[in-house]
Amino acid sequence: MAARPGPLGHRGFLAGLALVVLLAGAVLLAPLLAPHDPLAVASGAGPTLERPSTAHPLGTDALGRDLLSRVLWAGRVSLAVGLGVELVAVLIGCVIGVLAGYYGGAVDAVLMRATDVVMAFPSLVLAIGLIAVFERPGLDKVVIVLVALGWTTIARVARGTVLALKTREFVQAAHALGAGHVTIMVRHLLPNAVAPLLVAATIGVGSNIVAEAGLSFLGLGAQSPTISWGAMLADGQTFLATAPWVAVFPGLALLLAVLGVNLLGDGLRDLLDPRFRE
Amino acid sequence: MLVDLGRPVLGRLVALVPVLFGITLLVFLLNAVALGDPARAAMGQRADPEALERLRRDYALDRPLPVQYALWVGRLARGDLGESFREQRPVAEVIAERVPATMRLALAATVISIVAGMAIGALAAVRPGSPLDHGLMTLAVLGISTPVFWLGLMLSLVFAVTLDWLPVSGYGEGDWAHLALPAFTLGALHTGTVARMTRSSLLEVVRQDYIATARAKGLPEWLVLIKHAFRNALIPVVTVVGIGLADLLVGAPLTETVFAWPGLGRLLVSAVGQRDLPVVMGAVLVFALVYVIGNLIVDLAYLVIDPRLRHERAS
């Protein structure tokens, strides 16, 4: 679909990259950019639920807290959860996938059946079930749960690549030269999986961000004073009729973040996967 | 033809056994970990001693884990999901009451996503690369990227709060007005996927020789698309309906919460809040079973539509 070959000719990829860089930048610079303390409540009987104004560009919430500052700070939570969870999930998924693909047989059967079982649940539903195991919800539990669910796709991708390559000459040559199993897996097989893994991981970051927001919206994730777009939206629903801006802006930020990551993921797939090249 | 189908169908049913074992084992273990010592503080505060005693008996908590699991599966097979802590009645009963509302919502969302998605996809495929195509595909990506609960809030803000055309939330008397916003919300995510898949699968089919033949006969482009291309583009669409099931089941707890829709998803969420573990685990199990069985049906539909598959994976 690219007008020209290469990343510079891919409109979706460029748009996604721009969105992600812009949002990540704004969020990382939150301490500098945020006009107010995101936790500062209106003093005494001060005004709350103010409409957007010059003092508060996105308005204020029910406690008189500045929404722009909160949206920016909450983005740090989304970014950290999205990336952090995915990093750990990629690590676990790679170990499981490479082991399964390399050794085959019983190891493969057991590991892949385990993957099938985790994937046999609608993801958010299993996440909710896992959260229920803990006595009280919180962002730390969301991270644990998302890691526990996130490795499966990665494992399948890594296993597929290893399966396809393990009988090729360069692997046999490495064997003949005396390379150990670990060396072959890490140095010779895994690097070949980088492109598909990058695509899967990018899409994974997007899913993590949506899942965290969803769980926090349901009251099963971040708890006050931790700021999360999902939790802000739950507040926003309460004041939808009187102060719609409380619900509009955190959601818009979430939409842009997910859109950016999705465009980036789609673009990477187009650019890296030869099957999608025209 | 039916003889042909016997072996692959059997193969898929057999493949289901380890998955079902895994699902029940996982839910059982979650339950065991969550309950731990049932007299644990978190539960002790909310459940009365009698309920705890019943729990110990129901789950045979003094027996070894494998025995507990076997007993639990045995009761599961008889439709016994235990008793709700909160409502003091069978979980199966609590869940059964919620299923019709979720099914109604899911069905409406599916119809919306398929009709709208296929129409958008086909329209975009008529002139690939045109502004219309770009516009519609941008819309599709937006649909896929919009978090379902925020979309729900925004639709509710526009159509219920501001315009006052539709009710904000609730089930009402089971009327269409109450169904409209939740169904559009839940359907939107999947509409984008269907649209993209319909478009790319139509464009794929359009390159085939028999389409060139149809064009050479001088048929107008829209007739070529509808008469010749669409039918063959249906196979990937079945895949998409399968993916849609996942979207529906993931979106249900969120959509139902936004619109206070009395379905299974909202039951699950509120049960977590109330730490009503038997209801949580029962609902998780029902969601998983619906998902697995739905995927099985999609798989079997393939076998019927595409005869090539009957041999490929028969081994």
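### A short note on the overall build of chain B
And then number 1: Check the secondary structure of chain B and you find 14 helices and zero strands.
And then number 2: Secondary structure elements of chain B occur, N-terminal to C-terminal, as α-α-α-α-α-α-α-α-α-α-α-α-α-α.
And then number 3: Every one of the 315 residues in chain B was classed for burial, and the buried ones make up 39%.

### Topic: the overall build of chain A
And then number 1: Helix and strand counts for chain A stand at eleven helices and zero strands.
And then number 2: Listing every helix and strand of chain A by position from the N terminus yields α-α-α-α-α-α-α-α-α-α-α.
And then number 3: Considering only C-alpha atoms, chain A reaches an extent of 80 × 50 × 30 Å along its principal axes.
And then number 4: Residue burial in chain A is summarised as follows: out of 278 residues, 47% are buried.
And then number 5: Contacts in chain A between residues at least 24 apart in sequence constitute 70% of all its contacts with a sequence separation of at least 6.

### Concerning the interface of chain B and chain A
And then number 1: On the side of chain A, 38 residues touch chain B, which itself brings 40 residues to the contact.
And then number 2: Class assignment of the residues belonging to the side of chain B that touches chain A gives a composition of 34 nonpolar, six polar and no charged.

### Observations regarding the packing of helix α6 (residues 131–145) of chain B against helix α8 (residues 176–206) of chain B
Residue and element names in this part refer to chain B.
And then number 1: α8 packs onto α6 with a crossing angle of 140° between their chain directions and a minimal axis gap of 7 Å. It follows from the interaxial angle that α6 and α8 lie oblique. Like other packed secondary-structure pairs, α6 and α8 cross with a definite hand, here left-handed. Counted together, L136, M137, A140, V141, G143 and I144 of α6 and A188, L189, T191, G192, T193, A195 and R196 of α8 form the full contact between these two elements.
And then number 2: In terms of residue class, the contact of α6 with α8 is built from eight nonpolar, four polar and one charged.

### Quick notes on the nonpolar core
And then number 1: Grouped together as the largest cluster of nonpolar side chains are 156 residues, with contacts concentrated most on A127(A), I154(A), L268(B), A283(B) and V284(B).
And then number 2: When residues of this core are assigned to their parent elements, the largest contribution, 16 residues, is made by helix α3 (residues 67–103) of chain A.

### A few points about the confidence of the model for chain A
And then number 1: Taken as a whole, chain A shows an average pLDDT of 87; of its residues, 94% reach a score of 70 or greater.
And then number 2: Looking at the elements of chain A, mean pLDDT is at its lowest for helix α2 (residues 30–33) of chain A, recorded as 82, and at its highest for helix α9 (residues 194–217) of chain A, recorded as 93.

### Comments concerning unusual backbone geometry
And then number 1: Backbone torsion omega between S224(A) and P225(A) reads 10°, so that peptide bond is classified as cis.
And then number 2: One can find P225(A) in the loop between α9 and α10 (229–238).
And then number 3: The residue Q88(B) is not glycine, and still its phi comes out positive at about 55°.

### Section: helix α9 (residues 209–216) of chain B
Count 3.6 residues to each turn of an α-helix, and residues three or four apart come out pointing the same way.
And then number 1: Taken across its eight residues, α9(B) has zero buried, putting it largely on the surface.
And then number 2: Looking one or two places after α9(B), you find G218(B), whose phi comes out positive at around 90°.

### Comments concerning the packing of α10(A) against helix α11 (residues 245–272) of chain A
All names here are of chain A.
And then number 1: Relative orientation of the contacting elements α10 and α11 amounts to 155°, with a least axis distance of 8 Å. Considering the angle they form, α10 stands roughly antiparallel to α11. Crossing geometry of α10 relative to α11 is assigned as left-handed. Across the interface between the two elements, W229, M232, L233, D235, G236 and Q237 from α10 touch V246, A247, P250, G251, A253 and L254 from α11.
And then number 2: Of the residues belonging to the contact of α10 with α11, the class tally is eight nonpolar, three polar and one charged.

### Observations concerning helix α8 (residues 181–189) of chain A
Residues and elements named next belong to chain A.
And then number 1: Within α8, burial applies to I184, M185 and L189. What you see down the axis of α8 is that its buried residues fit within an arc of 95°, all on one side. Opposite its buried face, α8 presents the exposed residues V182 and R187, each directed more than 90 degrees away.
And then number 2: Contact partners of the buried residues in α8: α3, α6 (139–165) and α7 (169–176).

### Digging into the environment of E212(A)
Residues and elements named next belong to chain A.
And then number 1: Among the secondary structure elements, E212 is positioned in helix α9.
And then number 2: For E212, a count of 29 C-beta atoms within 10 Å puts it in the buried group.
And then number 3: Contact partners of E212, with chain neighbours within four places excluded, come to S78, V81, V142, L146, G221, S228 and G230.

### Examining the confidence of the model for chain B
All names here are of chain B.
And then number 1: Here chain B shows a mean pLDDT of 82. Residues at 70 or above account for 85%.
And then number 2: The least confident element of chain B is helix α2 (residues 41–44), whose mean pLDDT is 46; the most confident is helix α12 (residues 264–273), at 92.
And then number 3: Predicted complex, confidence summary: ipTM 0.85, pTM 0.86.

### Section: the environment of L76(B)
Residue and element names in this part refer to chain B.
And then number 1: Relative to the assigned elements, L76 resides in helix α4 (residues 65–77).
And then number 2: The partly exposed category is assigned to L76, around which 17 C-beta atoms lie within 10 Å.
And then number 3: For L76 and G282, which are 206 residues apart along the polypeptide, the C-alpha to C-alpha distance reads 9.6 Å.
And then number 4: Excluding its chain neighbours within four sequence positions, the residues that come into contact with L76 are T24 and L81.

The rules we used
Residues numbered from 1 in each chain as written. Chains lettered and ligands numbered in written order. Predicted model: local features only at pLDDT ≥ 70, side-chain atom pairs only at ≥ 80, totals over all residues. Helix = DSSP H or I, 4+ residues; strand = E, 2+ residues; numbered from the N terminus. Buried ≥ 20, exposed ≤ 12 C-beta atoms within 10 Å, placed from the backbone. Contact = placed C-beta atoms within 7 Å. Nonpolar A, V, L, I, M, F, W, Y, C, P; charged D, E, K, R; others polar. Axes fitted to C-alpha atoms, helices over the stretch in contact; angles between N-to-C directions. Parallel < 35°, antiparallel > 145°, perpendicular 65-115°, else oblique. Left-handed = near helix turned anticlockwise from the far one by under 90°. Core = buried A, V, L, I, M, F, W, Y, C linked by C-beta atoms within 7 Å. pLDDT = per-residue confidence, 0-100. Arc of directions from axis to C-beta.

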